Amino acid sequence: MEHITHWTERGTEDFFYSIASDFIDQLQEKMEALGMKQSQLAEAARVSKSYVSKVFKNPGNLSLETLVKFARTVGMKVSIVAYEDKNDPDNTRGPINSDIFRLCWERAERPADMWAIKEMAVARTNSLSINHRLANFELGWQVFPQTNTGARSRSTNTVARFPSNPTGPKMITSTDWNATQKRLTLEV
Amino acid sequence: MARNECKITIKAGFGHAHRSVAFLQYPVPYVDVEGAFDSLDKASERFHLKSFDMWMDDHHRPKRYHGWNKSEHKGEYSDCFVFKNVGECERLYGFLCHPKAPEDPNYEMCVLVLYAQKKKWNTDTAELDRVEKMRKDTHVQAALQDPDLFKEGEGEHTWNT
């Protein structure tokens, strides 16, 4: 039976070539930024020029030790990331390019440990709560704009108090929520 | 010319949502990309396959591949494209097209036409002229509209398992 899949599925060597090639691309980019030549990398990493040339031409020859050595030479670190690609369990598209992982990490403000991840999660929750509170306030202001029960504009920088509502609290529908969110974004 | 003498086969990106790379077969000597690719050594083959992946996934790698914009060569080659292996002085020339238009006008295919060993830095327009000739060829245009083009089982991405 024939099965359509990616070239990195032919064997481990192909898969390794692909991920090592991502590393060499990142390394070359950094070397260019530093104005570093292959010969300088070889000297700094204490390997021969021919070896550097060889692995740049065929990253499949890289060893993990050399990979770390090269990365440290240009001031970079290396992490090995194993992941479950639930969108592509049969590997029809090959490995995710390491640049994707790097960019996601950079955009998440480079968390260094699990503490940072937790802090990010807490900050996100707090920010949502504030938004919810603001949305509730906005809705209250719309529903009872003429009542003089203490709710004041946010621009006065005072704590908002909800007007009393004899019919009970108003449930926020998704339409209300989206509309309020949009308005808040525009105001900000 | 018999229709089956002009054939476009998807080499990479079968099933990719945005892009794919295909090889052109055509009975003229300079359309040699498929044969040349098959005779590449393992390292070169992998280099190009990796470049195909990067292009399909929209990574910016001008050292591996690029096109020519409208300000270059009076815009004559703005549909041409090249995959390069600078270390081995290899070039795979082709053209970009949108074979799923109008249903999916953004879907892009790079149809590779010819292989060249190149040691000069500047572009040899003779190769691009040949690519352009193929791009405009009516048989090639018809092959791009062939409903079998995206049929499962075509292309080198079929391995026996």
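Structure: above.
Residues numbered from 1 in each chain as written. Chains lettered and ligands numbered in written order. Predicted model: local features only at pLDDT ≥ 70, side-chain atom pairs only at ≥ 80, totals over all residues. Heavy atoms only, no water.

Asks: Even after reading the chapter, I still don't get the overall build of chain A, so can you show me in this structure?
Replies: Scanning chain A from N- to C-terminus turns up 7 helices and 1 strand. The linear arrangement of helices and strands in chain A, starting from the amino end, is β-α-α-α-α-α-α-α. Per-residue burial for chain A yields a buried fraction of 27% across its 188 residues. The contacts in chain A between residues at least 6 apart in sequence include a share of 55% that link residues at least 24 apart. Of the roughly 13,100 Å² that chain A leaves accessible, carbon and sulfur atoms contribute 55%. (Helix = DSSP H or I, 4+ residues; strand = E, 2+ residues; numbered from the N terminus. Buried < 20%, exposed > 50% of the residue type's maximum accessible area, 1.4 Å probe, protein only. Contact = heavy atoms within 4.5 Å. Areas by Shrake-Rupley, 256 points an atom, 1.4 Å probe, with all protein chains shown as cover.)

Asks: Teacher, can you tell me more about the nonpolar core here?
Replies: Residues and elements named next belong to chain B. Counting residues in each nonpolar core, the largest one holds 29 residues, and the members touching the most others are I8, L24, M109, V140 and L144. Looking at this core, the elements with two or more residues in it are β1 (7–12), β2 (19–25), β4 (80–85), β5 (90–97), β6 (108–117), α3 (125–136) and α4 (138–144). Here the element with the most residues in this core is β6; it accounts for 5 residues. What L144 contacts, discounting residues up to four positions off in sequence, is I8, F95, C97, P99, M109, V111 and L149. By size, the runner-up hydrophobic cluster in this structure holds 23 residues, among which are L40, F47, M54 and F81. (Core = buried A, V, L, I, M, F, W, Y, C linked by side-chain atoms within 4.5 Å.)

Asks: Help me understand helix α2 (residues 38–45) of chain A in this model?
Replies: Each turn of an α-helix holds 3.6 residues, which means side chains three or four residues apart point in the same direction. Residues and elements named next belong to chain A. Those residues of α2 that fall on the buried side of the exposure criterion are L41, A42 and A45. Within α2, the buried residues cover an arc of 100° as seen down the axis, which keeps them to one side. At its buried positions, α2 is contacted by α1 (12–34), α3 (49–57) and α4 (64–73). (Arc of directions from axis to C-beta.)

Asks: What am I meant to see in the packing of aromatic side chains here?
Replies: Remark: the centre distance and the inter-plane angle together describe each pair of aromatic rings, the angle taken between the planes. All names here are of chain B. Tallying each qualifying case throughout the model produces 12 aromatic pairs over all chains. Summarising the aromatic geometry, the rings of Y107 and F150 are spaced 5.6 Å apart at their centres and angled 80° between planes, so their arrangement reads as edge-to-face. Of this pair, Y107 sits in the loop between β5 and β6 while F150 sits in the loop between α4 and β7 (158–160), and the two are 43 residues apart along the sequence. Pairwise contacts between aromatic rings join F23, F37, F52, W55, Y65, F81 and F83 into one cluster. Here the basic side chain of K100 rests over the ring of Y107, its NZ or CZ set 4.1 Å away from the ring centre. (Phe/Tyr/Trp six-rings, centres within 6.5 Å; stacked < 30°, edge-to-face > 60°. Lys NZ or Arg CZ within 6 Å of the ring centre and 35° of its normal.)

Asks: I keep staring at the packing of α2(A) against α4(A) and nothing clicks. Help me out?
Replies: For any two helices packed against each other, one specifies the crossing angle of their axes together with the interaxial distance. Residues and elements named next belong to chain A. Closest axis-to-axis distance for the α2/α4 pair is 9 Å, and the angle between their directions is 110°. Comparing their axes, α4 and α2 come out roughly perpendicular. Judged by residue contacts, L41, A44 and A45 of α2 engage K69, F70 and T73 from α4. Among the residues forming the contact of α2 with α4, the class breakdown is 4 nonpolar, 1 polar and 1 charged. (Axes fitted to C-alpha atoms, helices over the stretch in contact; angles between N-to-C directions. Parallel < 35°, antiparallel > 145°, perpendicular 65-115°, else oblique. Nonpolar A, V, L, I, M, F, W, Y, C, P; charged D, E, K, R; others polar.)

Asks: Sorry if this is basic, but what is going on with unusual backbone geometry here?
Replies: For residues that are not glycine, phi is negative in most cases, and the peptide bond is trans in most cases. Here the residue pair A101(B) and P102(B) is connected by a cis peptide bond, since its omega of 5° sits within 30 degrees of zero. Positive phi is not limited to glycine here, since N91(A) has a value of about 55°. On the secondary structure map, N91(A) appears in the loop between α4 and α5 (98–107). N91(A) sits in the buried class, given a relative accessible area of 11%.

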